[in-house]
Amino acid sequence: MESYRDVTGAAAKRQPEMLKMIAELVGIESPTEDRAGVNRCVALVERWIKASGGKSQRSRQGTLGDLLVGRFGPARSTVKPAVKPLMLLGHLDTVWPLGTLKKMPFRVRQGRAWGPGVLDMKAGVVMALGALRMLRDAGQLTRPVWLLLNSDEETGSQCSRALTESLARKCGAVFVLEPAQGIPGAYKTARKGVANYHLRVHGVAAHSGVDFDRGHSAVLELGRQIERASAFTDLARGITVNAGVIGGGTRSNVVAAEAWAEFDVRIARAVDAKRMDRRFHSLRAVDRKCRLEISGGLNRPPMERTSGTVALFRRAATMAAGLGFSLQEAATGGGSDGNFTSALGIPTLDGMGAVGEGAHASHESILLDALVPRTALLAAMIGGLSLQ
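Below, the structure is looked at part by part. Source: prediction; values computed, not measured. (Residues numbered from 1 in each chain as written. Predicted model: local features only at pLDDT ≥ 70, side-chain atom pairs only at ≥ 80, totals over all residues. Heavy atoms only, no water.)

### Regarding the overall build of the protein
Stated precisely, the cut-off is as follows: Strands are runs of DSSP state E lasting at least 2 residues, helices are runs of H or I lasting at least 4, and numbering of each runs from the N terminus. For the radius of gyration, the atoms used are the C-alpha atoms, and the globule rule reads 2.2 Å times the number of residues raised to 0.38. Pairs of residues are marked as contacts when any of their non-hydrogen atoms sit within 4.5 Å. Residue burial considers only the protein chains on display, and all accessible areas are found by Shrake-Rupley using a 1.4 Å probe. Charge assignment: positive for Lys and Arg, negative for Asp and Glu; neither His nor the chain ends contribute. For charged residues, the charge sits on one atom: NZ in Lys, CZ in Arg, CG in Asp, CD in Glu.
Secondary structure assignment for the protein yields ten helices and 18 strands. By the compact-globule yardstick of 21 Å for 388 residues, the protein fits well, its C-alpha radius of gyration being 24 Å. For the C-alpha atoms alone, the extent of the protein along its principal axes is close to 85 × 45 × 40 Å. Within the protein, counting contacts between residues at least 6 apart in sequence, those at least 24 apart form 80% of the total. Taken as a whole, the protein presents about 16900 Å² of accessible surface, with 51% of it coming from carbon and sulfur. In the protein, 51 positive and 36 negative side-chain charges are present, and the distance between their average locations comes to 5 Å.

Written as structure tokens, this is what we have:
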């Protein structure tokens with residue numbers, strides 16, 4: 001493939017097969033907690049990797065689905081000067097519980113493909129395999145390419161993070177197959193970091209009618225602490241604090257002895273992680289008869305907009321223009337496994353998967369018109385092609 005027309009034509013030829021593969025993958029329900037379902041996806045993609053000329057390796061997990069690594073291209077770079085392997089990063093788990101397909105079956109209509117997990121991010125997995133097949137058929141895989149697909153991204157990547165970071169340290173760049181940002185389809189050059197805190201309040205129970213003054217309400221104290229912690233939000237610095245889940249008490253006629261809240265915290269800068277941790281642990285009970293217990297911390301470091309990531313984006317934007325469309329960049333408050341690789345200092349470009357809307361929502365879908373140009377762009381970026 002020596003021209004933009006060549007790479008677009010190759011992607012167009014693969015579109016019918018890619019759509020069939022997307023339908024097959026979406027047709028396997030794979031919520032994170034369903035090990036068997038995730039592993040059915042792993043087995044299917046493993047067959048596709050081998051059919052594409054790659055070698056596969058599964059890292060078996062105890063209670064979660066297996067981690068899958070596909071290796072493509074030469075064992076060592078054949079270009080001079082030699083370059084490190086390229087990592088393609090994604091996941092096979094979804095947020096959708098078993099039985100969702102009965103309400104949201106895979107279907108194609110109105111220029112879109114619909115279904116649970118189609119956007120986040122099963123179409124991106126298929127796009128990567130399609131791009132790799134295009135490059136293999138053209139004899140243009142000149143560097144090692146590693147495809148890592150995790151099984152627990154939707155719940156924080158606790159089991160897969162070590163492997164992600166271990167492989168990424170050996171790579172020169174990371175392309176994340178998460179969906180592009182919105183209908184414009186922007187690539188993501190920055191993501192917020194994610195922290196989670198659990199605040200539990202221990203109060204003193206009492207009968208609310210007979211001994212009200214002897215009680216010290218954990219629920220009332222929790223309300224005060226939620227207001228205090230919420231004030232840590234600093235929109236100018238990209239910091240948000242959300243008390244998303246709360247609980248406590250036993251009956252309305254009992255002064256509550258226990259109450260708790262779960263906080264989601266987002267930060268745009270790595271330097272703010274310790275600051276937010278100090279602020280949460282500095283909370284003190286207003287009612288001194290109540291006791292606070294605070295746990296948690298940073299789960300994903302932020303993916304900051306680095307010079308290496310910007311260089312990757314600018315190359316992608318130039319290629320996109322040659323392919324006939326304008327590519328934008330965006331920052332997002334959501335996290336991905338790309339947060340881990342970027343924090344290691346490895347140039348990481350995110351949002352290189354499908355274009356669509358409704359991730360985690362009942363209208364989850366991808367735009368079929370974007371499938372060919374975005375797969376062509378992905379292939380050009382993976383192959384490091386110099387197109388005319």
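### A look at the packing of helix α1 (residues 4–26) against helix α8 (residues 307–323)
For any two helices packed against each other, one specifies the inter-axial angle together with the distance between the axes. Applied cut-off: To get an axis, a line is fitted to the C-alpha atoms, and for a helix only the part in contact is used. The angle between two axes follows their N-to-C directions and goes from 0 to 180 degrees. Angle categories are assigned with fixed cut-offs, so that under 35 degrees is roughly parallel, over 145 is roughly antiparallel, 65 to 115 is roughly perpendicular, and the rest are oblique. Lys, Arg, Asp and Glu make up the charged group, whereas Ala, Val, Leu, Ile, Met, Phe, Trp, Tyr, Cys and Pro make up the nonpolar group; the residues left over, Gly among them, are polar.
Axis separation between α1 and α8 bottoms out at 9 Å; the angle between their running directions is 80°. If you check the angle between α1 and α8, you find them roughly perpendicular. Residues Tyr4, Val7 and Thr8 of α1 lie in contact with α8, whose contacting residues are Thr318, Met319, Gly322 and Leu323. Taken together, the residues of the contact of α1 with α8 sort by class into four nonpolar, three polar and no charged.

### Here's the deal with the sheet that holds strand β17 (residues 356–357)
Using the following cut-off: By definition, two strands form a pair when at least two bridges between them are found by DSSP.
If you walk across this open sheet you meet the four strands as β4-β5-β18-β17, and the pairing is antiparallel. Each having just a single partner strand, β4 (107–109) and β17 make up the two edges of the open sheet. Looking at chain direction, β17 and strand β18 (residues 365–367) are connected through two bridges and run antiparallel. Bridge pairing in β18 places Glu357 opposite Ser365. Across the face of the sheet, helix α4 (residues 118–137) comes into contact with β5 (112–114), β17 and β18 while running at roughly 50° to β18.

### Comments concerning unusual backbone geometry
The step from Asp120 to Met121 runs through a cis peptide bond, and the omega angle for that step is -5°. Position of Met121 among the secondary structure elements: in helix α4. You will see that Gln110, though not glycine, has its phi angle at about 55°, which is positive. Mapped onto the elements of the fold, Gln110 is located in the loop between β4 and β5.

### Here we look at the environment of Val45
Locating Val45 in the fold gives a position in helix α2 (residues 35–51). Taking C-alpha positions, Val45 is 22 Å from Ala370, a pair spaced 325 residues apart along the chain. For Val45, the residues in contact, after removing those within four places along its chain, are Leu25, Leu68, Leu92, Val125, Leu129 and Leu149.

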